[in-house]
Amino acid sequence: VDINKVKKENDELWKKYISQVNPVSYRDRSTRTQEALFYLAEQKNHTGTYYLSHNNTSWALVELEESKRLSSHEVNALISESVIFFNAKKVDQAISVLNEAERRAPATQDVYKNRGLIYGKIGQEENAYTDLKRYVEFNPIDPQLEAIKSFLGDHERKTGQTISY
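Let me begin by describing the structure that accompanies this report. (Residues numbered from 1 in each chain as written. Predicted model: local features only at pLDDT ≥ 70, side-chain atom pairs only at ≥ 80, totals over all residues. Heavy atoms only, no water.)

### A closer look at the overall build of the protein chain
Within the protein chain, the regular secondary structure consists of eight helices and zero strands. What you see in the protein chain, going N to C, is helices and strands ordered as α-α-α-α-α-α-α-α. Residues counted as buried form 36% of the 165 residues belonging to the protein chain. Of all intrachain contacts in the protein chain linking residues separated by at least 6 positions in sequence, the fraction that spans at least 24 positions is 40%. Element-wise, carbon and sulfur atoms account for 51% of the exposed surface of the protein chain, whose accessible area totals about 10200 Å². (Helix = DSSP H or I, 4+ residues; strand = E, 2+ residues; numbered from the N terminus. Buried < 20%, exposed > 50% of the residue type's maximum accessible area, 1.4 Å probe, protein only. Contact = heavy atoms within 4.5 Å. Areas by Shrake-Rupley, 256 points an atom, 1.4 Å probe, with all protein chains shown as cover.)

### Describing the packing of helix α5 (residues 91–104) against helix α6 (residues 109–121)
Running from amino to carboxyl end, α5 crosses α6 at an angle of 155°, the nearest separation of the two axes being 10 Å. Compared by their axis directions, α5 and α6 come out roughly antiparallel. At the point where α5 passes α6, the crossing takes the left-handed sense. Taking contact as the criterion, the partners of Val91, Ala94, Ile95, Leu98, Asn99, Ala101 and Glu102 in α5 are, on α6, Val111, Tyr112, Asn114, Arg115, Ile118 and Tyr119. Considering only residue class, the contact of α5 with α6 consists of nine nonpolar, two polar and two charged. (Axes fitted to C-alpha atoms, helices over the stretch in contact; angles between N-to-C directions. Parallel < 35°, antiparallel > 145°, perpendicular 65-115°, else oblique. Left-handed = near helix turned anticlockwise from the far one by under 90°. Nonpolar A, V, L, I, M, F, W, Y, C, P; charged D, E, K, R; others polar.)

### Considering the packing of aromatic side chains
Under the defined criterion, the tally for this structure stands at two aromatic pairs. For the ring pair Tyr51 and Trp59, a centre distance of 6.3 Å and an interplane angle of 35° mean the geometry is tilted. (Phe/Tyr/Trp six-rings, centres within 6.5 Å; stacked < 30°, edge-to-face > 60°.)

### Considerations on helix α4 (residues 75–87)
If you check α4, its first and last C-alpha atoms are 19 Å apart, about what 13 residues at 1.5 Å a residue would give, namely 18 Å. Residues of α4 that are buried include every one of Val75, Ala77, Leu78, Ile79, Ser80, Glu81, Ser82, Ile84 and Phe85, and no others. (Expected span 1.5 Å × (residues − 1).)

### Considerations on the side chain of Ser82
With respect to the element layout, Ser82 can be found in helix α4. Judged by relative accessible area, Ser82 falls into the buried class, the value being 1%. Ignoring any residue separated from it by four or fewer positions in sequence, one finds Ser82 in contact with Ala94, Val97, Leu98 and Asn114.

### Remarks on the environment of His155
Along the chain, the position of His155 falls in helix α8 (residues 145–159). Judged by relative accessible area, His155 falls into the buried class, the value being 3%. For the pair formed by His155 and Ala128, sequence separation is 27 residues and the distance between their alpha carbons is 9.5 Å. In terms of polar contacts, His155 uses its side chain to reach the side chain of Glu126, at 3.1 Å. (Polar contact = N/O pair within 3.5 Å; in protein donor to acceptor, adjacent residues only side chain to side chain.)

### A few points about the nonpolar core
By size, the foremost hydrophobic cluster in this structure holds 15 residues, and its most contacted members are Val75, Ile79, Ile95, Leu98, Ala101, Val111 and Ile118. Within the residue set of this core, elements represented by two or more residues are α4, α5 and α6. Sorting elements by how many residues they give to this core places α5 first, with six residues. Contacts of Val111, omitting those with residues within four sequence positions, involve Val75, Ile79, Leu98, Ala101 and Glu102. If you look at the next biggest cluster of nonpolar residues, it comprises eight residues, including Tyr112, Tyr129, Tyr135 and Ile148. (Core = buried A, V, L, I, M, F, W, Y, C linked by side-chain atoms within 4.5 Å.)

### Some remarks on the environment of Asn56
Along the chain, Asn56 falls in the loop between α2 (31–53) and α3 (57–70). Classification of Asn56 as partly exposed rests on a relative accessible area of 26%. For Asn56, the side chain forms a polar contact with the main-chain nitrogen of Trp59, separated by 3.4 Å.

Structural measurements only, silent on function.
What follows is the structure, encoded as C-alpha cells:
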C-alpha cells in the first residue's frame, strides 16, 4: 500500500466533503480542515476576481468578502476589493482596505503599488512616493516600473529627495 497515495486521495475527498458542508460550523480545526478552508478561500478569491474583470462588482464583493471570512490571510481578496472601491470613487474605503491588507501581510508588494497609485491619482504625492518607493524595493522588474520610476524621479526633483534603484 502506497501511504502517500492514500493520504492524497483522503485529502482530496476531505476537500470535496468540506466544500459541500458549511465550513464555518465545522469546529474541528485539524490540518485538513485548515487546508480545505484555504482551498475554499482561494476559490472564492478567483471567482471574485473573475466577476471584477467582467464588471460585476456586486457579486465580486460577495465572493471576496467570503474569501476574507474563510481565510484571515487572504490579502489578494483585500487588494481586489480596494480596486472595486476605487472604481466606485470610494477612495477612502479603498485606502482603508489596503491599510488592512498591509497590516495582515506587510511584505505584499501589490498593496504598496495599488495604494501608491491611488495616492498619486488623488494628489497625495508624498504618500504616493513613500508607497511606490517601497514597491520598487520589493519588485524591481515590474512592466510598469518605468512609469513608476518617472513619477518617483519627478517627485525627487520637486522635493530634493533621492532614491537608489
